[in-house]
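# Observations on the three-dimensional arrangement
Here are the chains, one letter per residue:
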Amino acid sequence: MIYWANPVYRLGAGGFTLFRFFPDRFYAVLGLDHWLAKGMAIHFFVGWLFTLNGLAYVLYLAVSGEWHELLPEKKSWREAFDVLLHDLGLRRDLPPAGKFNAAQRIAYAGVVLMGAGSVATGLAIYKPVQLSPLAGLLGGYERARLEHFWLMLGFAAFFVVHVAQVMRAGWNNFRSMVTGWELAGPPESRDPGAAPAMRRMTRRGFMTAGAAAAIGAAGWGWLLTRSEERGTPWPLRKNLEANGKLWGALFRCGHEAPAYPPVLGRARLNGDIGLDGAVDPRGWTLDVVDRDGRARSVALRDVLTLPRTAATIEFRCIEGWSQVMSFAGVRFSEFMEHYGLRRARYVALETPKREYYVSIDMDSMLHPQTLLVDEMNGAPLTPEHGAPLRLLIPVKYGIKHLKRIAAIRLSDERPPDYWAERGYDWYAGL
Ligand SMILES: Nc1nc2c(c(=O)[nH]1)N[C@H]1C(S)=C(S)[C@@H](COP(=O)(O)O)O[C@H]1N2
Ligand SMILES: [Mo]
């Protein structure tokens, strides 16, 4: 549901594309809609389930001591090669093995590592500013995103190969996978009670697995049919709000987005809501409403006499693209101080006819890189990029960087937000 937004997922080199992972056909065949907001909301919901499930599994391995049977040993690499030859029909006998053979040890330990990799790369692209050291370690935002994607393909490949191998290994093996037990030795040497006991366990195991699958499917259906709260099923909305609270609590005003050397020239353009009509920068005024509701009109000329700050940062659109852009203007915190505005919980910004509007938490607005800007990539802001004044807020996605600011309102009650009303995360923090 989300990959259409930024078609970077392909196999190819330079301008040549051998294969696109998500052509339009992919959506048509699977009956998926192109709804980025819902895809993201689901992602950040099931992300919790996968992460907690993975943590529980690793904890179980550690506590039960079963990691002994799973961790590859020195000889595993050589033996795994023999297993491979055997499975390809090039070798008759298998090396001796415990519960898992060498190839299984490597594959299963590898999957645990892949899980850890998915969480690390996922966090890096989810919070590339708050967790900028992690994103840096993984090669940056765009790299981390590709790594996250390849790991996902790795899981898919593991699943397919694994199911194929289990099918090849036969019924008994599948049964022991489900029950956790297996019948060993030739039938005549076994305890006479073993076979009925195994049958019972098999039944119980399959019933448990079937019930788990049914609960999963029912849960999925339930989730997606709940009444909507601001454009998304309410459990997903609650989850987005909880995620926002969590990252808001971890927010540190002193932690800045990584800086880049200044850039010049054209920048990518996105979003033109509320940008029609002519602008006259010299006569431009801002409607400013203080926390107590007191309104005043502030001339842009005066705002622009305040001390100037410049920032070059990686700008990120929620649709998945990013680019390094330079901005210059006045810190929002200095604007507040100069006009004697009092801290409220939220700040709302609006275009002239309120066609586009955003609301943002005060902590993020007071961040030292949050600027009211009139200059971009070394030149005065153009009308398409938000002249005469736009917001720069590197700790948020592009959706919050309102272009063409006409009103700034402070309030303790959360004001409406254009994209949050259409199913997106209100916090939208990076
Ligand atoms: N007034 C207004 N501001 C807006 C938008 C818009 O549609 N209207 N789109 C937002 C989005 S989604 C993005 S990604 C950025 C894009 O900024 P740019 O066109 O300067 O690259 O502007 C943001 N600010
Ligand atoms: Mo965007």
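Rules used in this analysis
- Residues numbered from 1 in each chain as written.
- Chains lettered and ligands numbered in written order.
- Predicted model: local features only at pLDDT ≥ 70, side-chain atom pairs only at ≥ 80, totals over all residues.
- Heavy atoms only, no water.
- Helix = DSSP H or I, 4+ residues; strand = E, 2+ residues; numbered from the N terminus.
- Contact = heavy atoms within 4.5 Å.
- Core = buried A, V, L, I, M, F, W, Y, C linked by side-chain atoms within 4.5 Å.
- Buried < 20%, exposed > 50% of the residue type's maximum accessible area, 1.4 Å probe, protein only.
- Domains from an automatic or database assignment.
- Axes fitted to C-alpha atoms, helices over the stretch in contact; angles between N-to-C directions.
- Parallel < 35°, antiparallel > 145°, perpendicular 65-115°, else oblique.
- Nonpolar A, V, L, I, M, F, W, Y, C, P; charged D, E, K, R; others polar.
- Patch = residues over 30% accessible without salt bridge, like charges linked within 9 Å, V, L, I, M, F, W, Y side chains within 5 Å.
- Areas by Shrake-Rupley, 256 points an atom, 1.4 Å probe, with all protein chains shown as cover.
- Salt bridge = Lys/Arg side-chain N within 4 Å of Asp/Glu carboxyl O.
- Near = heavy atom within 4 Å.
- Polar contact = N/O pair within 3.5 Å; in protein donor to acceptor, adjacent residues only side chain to side chain.
- Buried area = accessible area lost by both parts, 1.4 Å probe.
- Expected span 1.5 Å × (residues − 1).
- Left-handed = near helix turned anticlockwise from the far one by under 90°.
- Pairing = 2+ DSSP bridges.

### Overview of the environment of T309
Along the polypeptide, T309 turns up in strand β7 (residues 309–316). Along the sequence, T309 and L250 sit 59 residues apart, while their C-alpha atoms lie 26 Å from each other. Not counting the four nearest positions on each side in its chain, T309 is found in contact with F327, A328, G329, R331 and L371.

### With respect to the nonpolar core
Residues F335, L349, M365, L372, I405 and I408 are the most contacted members of the largest nonpolar core, which totals 69 residues. Here this core gets four residues from one element, more than from any other, and that element is strand β11 (residues 371–376). Residues from two domains meet in this core; each of domain 1 (10–242) and domain 2 (258–422) gives at least three. If we ignore the near neighbours within four places in the chain, the residues touching M365 are F332, S333, V347, L349, I360, T370, L391 and I393.

### As for the packing of helix α2 (residues 36–64) against helix α10 (residues 234–250)
Close contact between α2 and α10 brings their axes to 9 Å; oriented N to C, the two are set at 70°. In terms of their interaxial angle, α2 and α10 are classed as roughly perpendicular. Here α2 contributes A41, I42, F44, F45 and W48 to the contact with α10, which in turn contributes P235, L236, N239, L240, N243 and L246. Here the residues of the contact of α2 with α10 sort into nine nonpolar, two polar and no charged.

### Observations regarding a nonpolar patch on the surface
Taken together, the side chains of W48, L52, L55, L246 and L250 define a hydrophobic patch exposed on the protein surface, amounting to about 480 Å² of accessible area. Where the nonpolar patch is concerned, the elements lending two or more residues are α2 and α10. For the nonpolar patch, the element with the most residues is α2, which contributes three residues. Relative to the elements of secondary structure, L250 occurs in helix α10.

### Thoughts on the site of ligand 1
Residues in contact with ligand 1 amount to 19 residues; listed here are only the nearest, R268, I273, H385, R390 and K403. Within the backbone of N270, a nitrogen or oxygen atom sits 2.8 Å from an oxygen atom of ligand 1. The backbone of I273 places a nitrogen or oxygen atom 2.8 Å from a nitrogen atom of ligand 1. Against a free-state accessible area of 540 Å², the protein chains account for coverage of 98% of ligand 1.

### Observations concerning the domain arrangement of the chain
For the chain, the assigned domains read domain 1 (10–242) and domain 2 (258–422). Computed from C-alpha atoms alone, the centre-to-centre distance between domain 1 and domain 2 is 43 Å. Taken together, the contact pairs 15 residues of domain 1 with 15 residues of domain 2. Summed over both partners, the interface of domain 1 with domain 2 comes to about 1,100 Å²; 49% of that surface belongs to carbon and sulfur atoms. In terms of surface lost to domain 2, no three residues of domain 1 exceed V129, Y141 and R230, which account for 41% of the buried area on that side. At the surface where domain 1 touches domain 2, the tally comes to one salt bridge. When the shortest N-O distance is used, the salt bridge between E241 and R414 registers 2.8 Å.

### Looking at helix α9 (residues 194–224)
Spanning 31 residues, α9 covers 45 Å between terminal C-alpha atoms, matching the ideal 45 Å at 1.5 Å per step. Within the sequence span of α9, burial applies to A194, M198, T202, G205 and L223.

### Describing the packing of α2 against α9
For the pair α2 and α9, the least separation of the axes is 13 Å and the interaxial angle reads 135°. Judged by the inter-axis angle, α2 sits oblique to α9. Along this stretch, α2 crosses α9, giving a crossing that reads as right-handed. Of the residues in α9, those touching α2 at K38, I42, F45 and V46 are W220, L223 and L224.

### Quick look at the pairing of β7
Summarising burial for β7: seven of the eight residues are buried, a large majority. Relative to strand β8 (residues 322–331), β7 runs antiparallel, the two sharing eight bridges. Bridge assignment links A310 to a residue of β8, and that residue is A328. Hairpin connection between β7 and β8: a loop of five residues separates the two successive antiparallel strands, and G320 in this loop has a positive phi of roughly 115°.

### A closer look at the sheet that holds strand β14 (residues 407–411)
Adjacent strands of a sheet form backbone hydrogen bonds with each other and so pair up, either parallel or antiparallel. Pairing within the open sheet is mixed, and its five strands lie in the order β6-β5-β14-β9-β10. The open sheet is flanked by β6 (295–299) and β10 (357–361), the only strands paired with a single partner. Taking each pair of neighbouring strands and ignoring which way they run, the sheet shows an average axis angle of 20°. Two elements, strand β5 (residues 285–289) and β6, share five bridges in a ladder whose sense is antiparallel. In the sheet register, D287 faces β6, and the bridge partner there is S297.

### Notes on unusual backbone geometry
Most peptide bonds take the trans configuration, and most residues that are not glycine carry a negative phi. That bond from A387 to P388 is cis: its omega, 5°, falls within 30 degrees of zero. Along the chain, P388 falls in the loop between β12 (379–380) and β13 (390–392). Of note in this structure, R230 is not a glycine but carries a positive phi near 50°. In this fold, R230 is placed in the loop between β3 (228–229) and β4 (232–233). Here the phi dihedral of A428 falls at roughly 50°; this positive angle occurs in a residue that is not glycine. In this structure, A428 sits in the segment after β14. A428 sits in the buried class, given a relative accessible area of 2%.

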